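Okay, here's what each chain looks like letter by letter:
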Amino acid sequence: MSAEISKDDPRPESEQAADILRQEILRGDIKPGAHVGSVRDLATRFKISGMTVQRALAILREDGLILTTSRGSYARDPQQATEAGEAGEANTVALPEVLRQLEHLTSQVSELRGRLEALESRCAPGGA
């Protein structure tokens, strides 16, 4: 995992970083389910900005090679990524939206749980 971004390469730094990470995933250096690295760590490793890392990760998400959650980005099995690509772009585009909706629903459930507990404490004997 010693590949570096080249200033002599005409491609954008985000594409170079994505290519390096792609090769590491395909070679098995980064195993399926393994954390790819935080934006900060990857920015330090590649000596590029966090925004450039974010673009590189977006490229890998579009390719189906990583899955990004609220806890970070994780490598997917390259075989599953190929199958997702063959199934069409709708699958790779829809997944991030589904994850955003799931996070939103989770926060709503937490808020409702808090309201319910507050109501229960007011209705309980000796409550306010």
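Before reading further, recall that the structure is shown in the block above.
None of the values given here were measured: they were computed from a predicted structure.

### Remarks on the pairing of strand β2 (residues 72-75)
Inference 1: By the bridge criterion, four bridges tie strand β1 (residues 66-69) to β2 in an arrangement that is antiparallel. Bridge assignment links Leu-67 to a residue of β2, and that residue is Tyr-74.
Inference 2: Between the end of β1 and the start of β2, which pair antiparallel, lie two residues.

### A few points about the packing of helix α2 (residues 39-46) against helix α3 (residues 50-62)
Inference 1: As a packed pair, α2 and α3 sit with axes 9 Å apart at the nearest point and diverge in direction by 105°. Viewed along their axes, α2 and α3 adopt a mutual orientation that is roughly perpendicular. Of α3, the residues touching α2 (which contributes Val-39, Leu-42 and Ala-43) are Gly-50, Val-53, Gln-54 and Leu-57.
Inference 2: By residue class, the composition of the contact of α2 with α3 is five nonpolar, two polar and no charged.

### Structural notes on unusual backbone geometry
Inference 1: The residue Lys-47 is not glycine, and still its phi comes out positive at about 60°.
Inference 2: Counting through the fold element by element, Lys-47 comes out in the loop between α2 and α3.
Inference 3: For Lys-47, a relative accessible area of 65% puts it in the exposed group.

### Structural notes on the packing of helix α1 (residues 13-27) against α3
Inference 1: Running from amino to carboxyl end, α1 crosses α3 at an angle of 50°, the nearest separation of the two axes being 8 Å. In terms of their interaxial angle, α1 and α3 are classed as oblique. Where α1 crosses over α3, the two elements pack in a sense that is right-handed. Side by side, α1 and α3 meet where Glu-13, Ser-14, Glu-15, Ala-17, Ala-18, Leu-21 and Arg-22 of the first sit next to Thr-52, Arg-55, Ala-56, Leu-57, Ile-59 and Leu-60 of the second.
Inference 2: A breakdown of the residues in the contact of α1 with α3 according to their chemical character gives seven nonpolar, two polar and four charged.

### Examining the side chain of Gln-16
Inference 1: Among the secondary structure elements, Gln-16 is positioned in helix α1.
Inference 2: Owing to a relative accessible area of 4%, Gln-16 belongs among the buried residues under this scheme.
Inference 3: A distance of 2.8 Å separates the side chain of Gln-16 from the backbone nitrogen of Ser-6, its partner in a polar contact.
Inference 4: With sequence-adjacent residues up to four places away left out, Gln-16 is seen in contact with Ile-5, Ser-6, Asp-9 and Arg-11.

Thresholds, definitions, all that
Numbers given for residues are sequential positions, taken from 1 along each chain in its written order. Reporting of local features is limited, given that this is a predicted model, to residues whose pLDDT is at least 70; pairs of side-chain atoms are given and counted only at 80 or more, and all residues count toward the totals for whole chains, interfaces and linings. By convention in this description, side-chain values take in all heavy atoms of the structure and omit both hydrogens and water. Pairing between strands requires that DSSP locate at least two bridges from one strand to the other. Starting at the N terminus, helices and strands are each numbered in turn, a helix being any DSSP run of H or I of at least four residues and a strand any DSSP run of E of at least two. Every axis corresponds to a line fitted to the C-alpha atoms, with the helix fit spanning only the stretch in contact, and the corresponding angles, defined between N-to-C directions, vary from 0 to 180 degrees. Any angle that falls under 35 degrees is termed roughly parallel, while one over 145 is termed roughly antiparallel, one within 65 to 115 roughly perpendicular, and all others oblique. Working rule for contacts: check all heavy atoms of both residues, and any pair within 4.5 Å makes them a contact. Classes in brief: Ala, Val, Leu, Ile, Met, Phe, Trp, Tyr, Cys and Pro nonpolar; Asp, Glu, Lys and Arg charged; the others, Gly included, polar. Only protein chains enter the accessibility calculation, which uses a 1.4 Å probe; a residue whose area is less than 20% of its type maximum is buried, one above 50% is exposed, and one in between is partly exposed. In this scheme, a crossing is called left-handed if the near helix is turned counterclockwise away from the far one by less than a right angle; it is called right-handed if the turn is clockwise. In protein, a polar contact requires one atom able to donate a hydrogen and another able to accept it; more generally it is a pair of N or O atoms within 3.5 Å, and residues adjacent in sequence count only if both atoms are side-chain atoms.

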